[in-house]
Amino acid sequence: MTDQDSQRADDGVKPVMIGRSLTEGSISKTLYSMAVPMAAGLLATMSFNIVDTFFVAGLGENALAALSFTFPVVMLAISLSIGLGAGASSVVAIAAGKGDEQAVKELTTDSMSLTVLLAVGFSVLGYFTIDPFFRAIGATDDVLLLVRDYMVPWYLSAVFLMAPMVGMSSIRALGNTKMQGKLMLLMALANFILDPILIYGWWIFPRLEIEGASIASLIVRVVSFIVTIYFMHCRMKLFVNPFNLNRAISSWRKVLHVGVPAMATNMIIPLSGSVVIALVASHGSEAVAGFGVATRVESMSLILFYALSAVIGPFCGQNLGAKKYTRLFEAQKITAIFCIFAGLAISVLLALVGKEIAALFSDEAGVIEATFWYLLVVPVSYCAYGVVMVVNASFNGLGKPLPGVVISSARVIVILLPLAWIGNALLGLVGIFAAIALSNVITGLIAYIWVYRTIFMSREVN
């Protein structure tokens, strides 16, 4: 496909060359070359928690329960990081598209300083509330001892978790995803090696049990932090003086303008899951177990859409900054077509092997049946759900995060909840799954129309 921009859509701005320009060349090839390393890196990152869970499970039921209790805090930190990363990526990409190299460096520097400050505050608050917080969510005394062993090193590692995520978002805004993909792969491999060594005390190392899993994460994250800072400062020369408070406050406002709504959007996803699982629970524990298996399979099945949503934001930001509106329209068409064909292919595959996948996780008939029906019904809508993911990321890249919040909130509250209740009443468990699929399709159509009109109105204004 040849990508051409009208004279009106291109005001002649030369994009900043501190990284890679996303304002020229084939759109499909550009997105493909960025998404592939991101997909590999995301796949490795998703294995991070699975590996921790696998090795900690060998310590017994209490250790596994303790690790489960930590997930809300971990997800909160990740949601905070994703939001800040979305804000940083948006403002940096727009500045890069405008050709303002100094603004790129200032925004990158200030987004990192904001992340460090928030991460330190998060860690301090978390450390001093370990006992009351985890007691409040149901941890017993014996489990709480294990939670404390895990969370003390984990809170020390929070800044080393969050800062690289936001730093890599800035690098991604400049068109470089290969660095992030490689780093994520290496982190996952290092964690896989260190986990059993520190948990079980292999070789000359002491047996640290659940604390060892947390220390392994700390070590890996410190190394990733060092590598990220080195790459940003020594290789890309992205940092300037971080102690200009007036400039920093101005930058923080820009980052948070996108970052706060992006955090809210990201946190709506687990909310929808908790609402649905409450309905699923009315059909028994085997239905819940099957739902859990299916959603884990789903997270891996959507990896291509996660990767695409990670790269479309920087693409939109740079092209908005350069006023390349034709490229913005074309990118939405290309990504929508990809989502449709990829989603349908995934749905056919899961329909064919759903029972076999379920049997890998359980031999209980009820679990297998629930997993099978989910993987038969819901994936039909993955094409539309992929569009929702890409559109929400596009809005963040365009510096207009509120539509993403509205779309995600409406999907859960306005569409999914009533449909799931009706579906459960009429068709039982399958009705709930059908409601999920239908809500994805409806939301996907709304999202695509909305982003298309937003780009059109931006072009008219400019």
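Refer to the structure above for everything that follows.
Keep in mind that what you see is a predicted model, and the values were worked out from it rather than measured.

**Q** Got a minute to help me understand the overall build of the protein in this structure?
**A** When you go through the protein residue by residue, the secondary structure sums to 15 helices and zero strands. The globule rule puts the C-alpha radius of gyration for 462 residues at 23 Å, and the 22 Å found for the protein is close to it. The C-alpha extent of the protein, read off along each of the three principal axes, is 65 × 55 × 35 Å. The burial tally for the protein puts 54% of its 462 residues in the buried class. When contacts within the protein are restricted to residue pairs at least 6 apart in sequence, those whose partners lie at least 24 apart make up 81%.

**Q** Would you take a moment to explain the environment of Arg247 for this structure?
**A** As for its placement among the helices and strands, Arg247 is situated in helix H8 (residues 245-280). Not counting residues within four places of it along the chain, the set of residues in contact with Arg247 comprises Glu106, Thr109, Asp110, Val240, Asn241 and Pro242. In this structure the side chain of Arg247 is engaged in a polar contact, spanning 2.8 Å, whose partner is the side chain of Asp110.

**Q** Help me out: how do you make sense of unusual backbone geometry in this one?
**A** Phi is mostly negative for residues that are not glycine, and the peptide bonds are mostly trans. Positive phi, normally seen in glycine, also occurs at Trp203, with a value near 55°. Tracing the sequence through the fold places Trp203 in the loop between helix H6 (178-200) and helix H7 (210-235). Overall, the relative accessible area of 70% leaves Trp203 in the exposed class. Its identity as a non-glycine residue notwithstanding, Lys237 has a phi of 55°, on the positive side.

**Q** Explanation requested: helix H10 (residues 303-321) in the structure shown.
**A** Residues lying three or four places apart along an α-helix face the same way, a consequence of the helix completing one turn every 3.6 residues. Taking 1.5 Å of rise per residue, 19 residues should cover 27 Å, and H10 covers 28 Å from first to last C-alpha, within 8% of that figure. Burial analysis of H10 places 17 of its 19 residues in the buried class, which makes it a mostly covered element. Among the residues trailing H10, Lys323 stands out with phi positive, at a value near 60°.

**Q** When you look at the nonpolar core in this model, what are you seeing that I'm missing?
**A** Across soluble globular proteins, you tend to see nonpolar side chains buried next to one another. Ranked by internal contacts, the top residues of the largest apolar core, which has 66 residues, are Phe305, Ile312, Tyr374, Tyr382, Phe433 and Ile436. If near-sequence neighbours (up to four positions away) are discounted, Tyr382 is found in contact with Glu298, Ser301, Leu302, Phe305, Gly343, Ile346, Leu350 and Tyr374. Counting 61 residues, the second-largest nonpolar core is a separate cluster that includes Trp154, Leu161, Leu238 and Trp252.

**Q** Would you mind showing me how to read the pattern of salt bridges here?
**A** In a structure, side chains of opposite charge can pair up when their charged atoms sit close to one another. One pass over the full model with this rule turns up five salt bridges. In this structure, Arg148 and Asp131 form a salt bridge, with 2.9 Å as the shortest nitrogen-oxygen distance. Here Asp131 lies in helix H4 (residues 130-136) and Arg148 lies in helix H5 (residues 141-173), a separation of 17 residues in the sequence. Residue class for Arg148 comes out partly exposed when judged on its relative accessible area of 28%. Exposure remark for Asp131: the relative accessible area of 27% places this residue in the partly exposed category.

**Q** I keep staring at the environment of Ser33 and nothing clicks. Help me out?
**A** Mapped onto the elements, Ser33 comes out in helix H1 (residues 27-57). The class for Ser33 is partly exposed, based on a relative accessible area of 25%. In this structure the side chain of Ser33 is engaged in a polar contact, spanning 2.9 Å, whose partner is the backbone oxygen of Thr30.

**Q** What am I meant to see in the environment of Leu198 here?
**A** With respect to the helices and strands, Leu198 occurs in helix H6. It is 30 Å that separates the C-alpha atoms of Leu198 and Pro37, two residues lying 161 residues apart in sequence. Among residues more than four places away in sequence, those in contact with Leu198 are Phe205, Pro206, Arg207, Leu208, Glu209, Gly212, Ile215, Ala216 and Ile219.

**Q** How should the packing of helix H2 (residues 61-98) against H10 be read in this particular structure?
**A** A pair of packed helices is captured by two measures, namely the crossing angle of their axes and the spacing between those axes. It is the contact of H2 with H10, at a shortest axis distance of 6 Å, that shows an interaxial angle of 40°. Here H2 lies oblique to H10, going by the angle between them. Along this stretch, H2 crosses H10, giving a crossing that reads as right-handed. Residue-level inspection shows Ser89, Ala93, Ile94, Ala96, Gly97 and Lys98 of H2 in contact with H10, the latter providing Pro314, Gly317, Gln318, Leu320 and Gly321. Per-class residue counts for the contact of H2 with H10 are five nonpolar, five polar and one charged.

**Q** How should I be thinking about a nonpolar patch on the surface in this particular structure?
**A** A cluster of nonpolar side chains, Val406, Leu438, Val441, Ile442, Leu445, Ile446 and Trp450, forms an exposed patch at the surface whose accessible area comes to about 570 Å². Examining the composition of the nonpolar patch, we find that six residues originate from one element, helix H15 (residues 429-461), more than from any other. Structurally, the position occupied by Leu438 is in helix H15. Of the residues examined, Leu438 reaches a relative accessible area of 43% and is grouped as partly exposed.

**Q** Teacher, can you tell me more about the packing of aromatic side chains here?
**A** In this description, an aromatic ring pair is defined by two values, namely the gap between the centres and the angle between the planes. Counted according to the given criterion, the structure contains 14 aromatic pairs. The interplanar angle of 80° and the centroid separation of 6.5 Å between the aromatic rings of Phe305 and Phe338 together place this pair among those described as edge-to-face. On the criterion of sequence distance, the pair formed by Phe305 in helix H10 and Phe338 in helix H11 (residues 325-361) is long-range, its members being 33 residues apart. Feature note: the residues Phe55, Phe192 and Tyr200 constitute an aromatic cluster, connected by ring pairs.

Thresholds applied
Residues numbered from 1 in each chain as written. Predicted model: local features only at pLDDT ≥ 70, side-chain atom pairs only at ≥ 80, totals over all residues. Heavy atoms only, no water. Helix = DSSP H or I, 4+ residues; strand = E, 2+ residues; numbered from the N terminus. Rg over C-alpha atoms; globule rule 2.2 N^0.38 Å. Buried < 20%, exposed > 50% of the residue type's maximum accessible area, 1.4 Å probe, protein only. Contact = heavy atoms within 4.5 Å. Polar contact = N/O pair within 3.5 Å; in protein donor to acceptor, adjacent residues only side chain to side chain. Expected span 1.5 Å × (residues − 1). Core = buried A, V, L, I, M, F, W, Y, C linked by side-chain atoms within 4.5 Å. Salt bridge = Lys/Arg side-chain N within 4 Å of Asp/Glu carboxyl O. Axes fitted to C-alpha atoms, helices over the stretch in contact; angles between N-to-C directions. Parallel < 35°, antiparallel > 145°, perpendicular 65-115°, else oblique. Left-handed = near helix turned anticlockwise from the far one by under 90°. Nonpolar A, V, L, I, M, F, W, Y, C, P; charged D, E, K, R; others polar. Patch = residues over 30% accessible without salt bridge, like charges linked within 9 Å, V, L, I, M, F, W, Y side chains within 5 Å. Areas by Shrake-Rupley, 256 points an atom, 1.4 Å probe, with all protein chains shown as cover. Phe/Tyr/Trp six-rings, centres within 6.5 Å; stacked < 30°, edge-to-face > 60°.

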